[in-house]
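Residue-level structural notes
Residues per chain are reported as follows:
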Amino acid sequence: MWRLIILANIELTGVDEILNKLQQIGSNVGRLENKALKNAAEPVLEDAKANVPVRTGKLKKGLKITNIKKKEGIKYILVGVDKGDNSEAFYGKFVEFGTSKRVAHPFLQPAYEKNKNTIKEIIAETLKEGLK
């Protein structure tokens, strides 16, 4: 019975660099995701402010982008006026959704709809740049 034994010495160069890069990316992924969400929210905020009814000066100033939130492992961000907002801009929810006595004048939903593709592009571009 014959046995063939081959001894090979394989040297891989650059592996340490690749492993270090992967570790750096891993530690920065959370920050990169947050940056992508914030960047993508900006055009929505700009368009929402542009569409706010003229008489609502405080509302225009009160529209904002929230900090990153997380629910069931999914990160998200809110633009505009939060349902629970009780600041000077609290009435934005009544402008957006209307009331039993006031017809709705949406400005947030149209801003989102207009920017859907832009949001995707900004997120993809921000992630791509961050992973270089």
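Notes on the structure in this doc start here.

1. Some thoughts on the overall build of the protein chain
Counting its secondary structure elements, the protein chain contains four helices and four strands. Order of helices (α) and strands (β) in the protein chain, N terminus to C terminus: α-α-β-β-β-β-α-α. Taking all 132 residues of the protein chain together, the buried fraction comes to 26%. Partitioning the contacts of the protein chain with sequence separation of at least 6, the portion at a separation of at least 24 is 55%. Surface exposure of the protein chain reaches about 10200 Å², of which carbon and sulfur atoms provide 55%.

2. Considerations on the environment of Val81
Inspection of the secondary structure assignment puts Val81 in the loop between strand S4 (79–80) and helix H3 (92–97). For Val81, a relative accessible area of 12% gives the class buried. Taking the C-alpha atoms as reference points, Val81 and Leu59, separated by 22 residues in sequence, lie 8.6 Å from one another. Once you skip the residues sitting within four places of it in the chain, Val81 turns out to touch Leu59, Leu63, Ala89, Phe90, Gly92, Lys93 and Leu108.

Thresholds applied
Residues numbered from 1 in each chain as written. Predicted model: local features only at pLDDT ≥ 70, side-chain atom pairs only at ≥ 80, totals over all residues. Heavy atoms only, no water. Helix = DSSP H or I, 4+ residues; strand = E, 2+ residues; numbered from the N terminus. Buried < 20%, exposed > 50% of the residue type's maximum accessible area, 1.4 Å probe, protein only. Contact = heavy atoms within 4.5 Å. Areas by Shrake-Rupley, 256 points an atom, 1.4 Å probe, with all protein chains shown as cover.

By themselves these figures say nothing about function.
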